[in-house]
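Chain by chain, the residues:
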Amino acid sequence: MYRVVRPATHVVKATSPSLRGVSYNTLNKKFSNSNNPYNNLIRPLINEQIRGFRLEIRRLDKDCNFKYDNLTIKTSTNLKNSDIDPEKLGFGNHFTDHMLLVDYKEGQGWSKPIIEPYGNFSMDPASMVLHYGLEIFEGLKAYKGVDGKVRLFRPELNMARMNKSAARLALPTFDSHEFRQCIEELVRLDAGWIPSGRGFSLYIRPTMIATHACLGVRPPLEARLYCILSPVGGFYKTSEVRLLAESNYARAWPGGAGEAKCGGNYAPTILPQKQAAEKKYDQVLWLFGDEHEITEVGTMNFFGLIINEQGQKELITAPLDGTILEGVTRRSVLDLANLEDGMKVSERKWTMEELEKALAENRVVELFGSGTAATVSPVTEISYKGRTLKIPTQDPTESFSHKVMNTIFDIQYGEIENHPWAPVILDETEKDTATN
C-alpha cells in the first residue's frame with residue numbers, strides 16, 4: 001500500500017506536473033474520493049518550514065514490521081568510557097555503546113528494528129555493497145543545549161534526503177517517520193556521550209548498504225539500514241579555510257548522482273583532497289565544465305556574498321540541478337538569508353570568471369562553505385590557475401556568515417527556545433521534576 005505522513009498546510013511543489021501548486025485541502029479531497037484509484041494516498045509528506053519541497057510518496061510493504069512500536073532494545077553489559085576530553089574528540093574517532101539495525105529482504109519487507117550493543121557485523125564476501133558501491137548515508141547531530149535539553153536540527157530533511165538517495169541507487173526506501181523515532185531512541189539511550197559546549201555534539205550516521213550476495217549489476221534484494229553515533233568536536237582545526245580550485249577532477253556531472261549522499265560521490269574526491277593538503281590547502285573548490293562553474297567546496301555547499309553589477313547585495317550558491325547535494329545547512333542559510341532586508345538570494349550558476357571580476361572590482365563581501373560537520377566556514381584564500389586570490393574577511397560583528405552561524409548555533413543549543421527547526425528529544429529537567 002501507500003502511506004504518507006505529516007500533514008501539509010500550504011501549497012507545495014509536487015514531483016508530478018499535475019500536482020504542482022495544489023493546496024493540501026485540494027489534495028486531500030482529490031485522494032479521499034472513494035472512486036479515485038489512489039485513495040490510499042492520504043497525506044503528502046511535507047515539512048511546514050520547507051519552501052518548494054517535493055511531494056514524497058513512499059511504497060511500503062503491506063506486512064511492514066519497521067515501526068517504532070516494534071523496536072527491541074538490548075543494552076550493552078560492557079559500557080565504554082564516555083568521559084572523553086571534548087578538546088581531544090576530533091571528528092568521527094569515537095563511537096557510543098549501541099547501534100540501530102533494520103534488515104530488508106525482497107518479498108518480506110523490513111524487519112523489526114533493534115538497538116543492540118555496538119560491534120562488528122558480518123556479511124557475505126559477495127555482498128553487492130563491496131562490489132558495486134550500493135551504499136548511502138546521512139549525517140546529522142544531536143546537541144546538548146544550555147538548558148540541558150537534547151535537540152536535533154531539522155531531522156525531517158535528512159530523512160527525506162536519505163529516501164531520495166535510496167531511490168536513486170535502487171535501494172529500498174523506508175518510512176522516514178518510523179526510522180527517525182528509532183534514531184531518537186538510540187540517541188536517548190546513549191545521551192551520556194553527548195559532549196557539552198558550543199561547537200560540540202553527537203554526530204548521527206544513518207547508513208544503508210546492499211547485503212544481497214550477488215555478482216550482478218542489478219537492484220539488490222537484501223539491504224541493511226543501520227545507525228551509529230559518534231561524539232565530535234570541530235571538523236576543521238581552524239574556522240577559516242584556504243581552497244585549491246580544481247578543474248582536472250569533477251565531483252559530479254549532469255545525469256550522475258551528485259545530489260545523492262552516497263559513498264561513490266566521496267571516494268573519488270579523496271585523492272584531489274590529499275593533493276590539496278600536500279600543498280597546504282584545507283579543501284578543494286570543485287569547478288565544472290569549460291567555463292569553470294563553481295559548484296561545491298570539499299564536502300560542503302559553497303556561498304558567495306557579493307555586490308552585483310546592479311549595486312545590490314547578492315548571496316549566490318549553485319542551483320540544485322542534480323549535481324549539487326541538497327544540504328540541510330544550505331537550506332537553512334538560504335532560509336535565513338531570505339529574512340535579510342536588501343539581500344538578493346540567488347540559486348544560480350556562477351563561474352570563476354565572474355568571481356575574479358568581482359574581486360578585481362572590490363565587490364566581493366565574503367565567501368563561505370556550509371555543511372552539517374563544519375556548519376559555516378569562511379574562505380580566506382583560493383588558489384586558481386597558479387594565482388592566489390585573497391578573499392576579503394569581515395569583522396565577526398558585521399559578517400553575514402558569522403551571523404548565520406551564530407543564529408544556527410543559538411537554535412541548536414537552545415539559546416533560541418522552542419524553535420521549530422530544533423525538536424527536543426530528551427529533557428532531563430522533566431525527569432528531575434518528576435523525581436522531586
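Relevant structure appears above.
Residues numbered from 1 in each chain as written. Predicted model: local features only at pLDDT ≥ 70, side-chain atom pairs only at ≥ 80, totals over all residues. Heavy atoms only, no water.

## Comments concerning the overall build of the protein chain
Piece 1. Scanning the protein chain for helices and strands turns up nine helices and 21 strands.
Piece 2. Across the protein chain, the fraction of contacts at a sequence separation of at least 24, relative to all contacts at a separation of at least 6, is 72%.
Piece 3. Working note: accessible area of the protein chain is about 20,700 Å², and carbon and sulfur atoms make up 49% of it. (Helix = DSSP H or I, 4+ residues; strand = E, 2+ residues; numbered from the N terminus. Contact = heavy atoms within 4.5 Å. Areas by Shrake-Rupley, 256 points an atom, 1.4 Å probe, with all protein chains shown as cover.)

## Thoughts on empty space enclosed by the protein
Piece 1. All chains considered together, the criterion is met by five cavities of 30 Å³ or more.
Piece 2. What the second largest cavity holds in volume is close to 80 Å³.
Piece 3. Considering the residues around the second largest cavity, the lining is formed by Gly139, Leu140, Lys141, Tyr143, Phe153, Asn158, Val328, Thr329, Gly371, Thr372, Thr375 and Gln412.
Piece 4. Listed by contribution, the elements that provide at least two residues to the lining of the second largest cavity are strand E8 (140–144) and helix H6 (328–337).
Piece 5. Here the lining of the second largest cavity is built from residues that sort into four nonpolar, seven polar and one charged. (1 Å grid on protein atoms, 1.4 Å probe; cavity = no way out; pocket = protein on both sides within 12 Å on 5 of 7 lines; lining within 4 Å. Points joined across faces, edges and corners; volume = space filled by probe spheres on them. Nonpolar A, V, L, I, M, F, W, Y, C, P; charged D, E, K, R; others polar.)

## Overview of the pattern of salt bridges
Piece 1. Evaluated as defined, the whole model comprises 26 salt bridges.
Piece 2. Residue Glu326 is joined to Lys164 by a salt bridge in which the shortest nitrogen-to-oxygen separation is 3.5 Å. In this pair, Glu326 is assigned in the loop between strand E16 (313–317) and H6 and Lys164 in helix H3 (residues 155–168), connecting sequence segments 162 residues apart.
Piece 3. Relative accessible area serves as the criterion here: at 27%, Glu326 is assigned to the partly exposed category.
Piece 4. A salt bridge links Arg331 to Asp335; the shortest N-O distance between them is 3.2 Å. Of this pair, Arg331 and Asp335 both sit in helix H6, four residues apart, which is roughly one turn of the helix.
Piece 5. The class of Asp335 is buried, set by a relative accessible area of 11%.
Piece 6. Here the salt bridges do not stand alone but share partners, grouping Glu309, Lys357, Glu361 and Arg363 into one network. (Salt bridge = Lys/Arg side-chain N within 4 Å of Asp/Glu carboxyl O. Buried < 20%, exposed > 50% of the residue type's maximum accessible area, 1.4 Å probe, protein only.)

## Considerations on the packing of aromatic side chains
Each aromatic ring pair is described using two quantities: the centre-to-centre distance and the angle formed by the ring planes.
Piece 1. Under the definition given, this model contains 14 aromatic pairs.
Piece 2. When the ring of Phe302 is compared with that of Trp350, the centres are 6.1 Å apart and the planes differ by 15°; the resulting orientation is stacked. With Phe302 in strand E15 (residues 300–307) and Trp350 in the loop between strand E17 (343–347) and helix H7 (352–360), the pair connects residues that are 48 residues apart, well separated along the chain.
Piece 3. Judged by centre distance (6.2 Å) and plane angle (50°), the rings of Phe368 and Phe400 are tilted. Note that Phe368 is positioned in strand E18 (residues 364–371) and Phe400 in helix H8 (residues 400–412), a separation of 32 residues in sequence. (Phe/Tyr/Trp six-rings, centres within 6.5 Å; stacked < 30°, edge-to-face > 60°.)

## A word on the packing of H6 against H8
The axes of two packed helices give the description: the angle between them and the distance between them.
Piece 1. Running from amino to carboxyl end, H6 crosses H8 at an angle of 110°, the nearest separation of the two axes being 11 Å. Taken together, the axes of H6 and H8 lie roughly perpendicular to each other. In this structure, H6 meets H8 at a crossing whose hand is right-handed. Contacts between H6 and H8 involve Thr329, Ser332, Val333, Leu336 and Ala337 from the former and Phe400, Val404, Thr407 and Ile408 from the latter.
Piece 2. Residues of the contact of H6 with H8, tallied by class, amount to six nonpolar, three polar and no charged. (Axes fitted to C-alpha atoms, helices over the stretch in contact; angles between N-to-C directions. Parallel < 35°, antiparallel > 145°, perpendicular 65-115°, else oblique. Left-handed = near helix turned anticlockwise from the far one by under 90°.)

That's the geometry; what it means functionally is another story.
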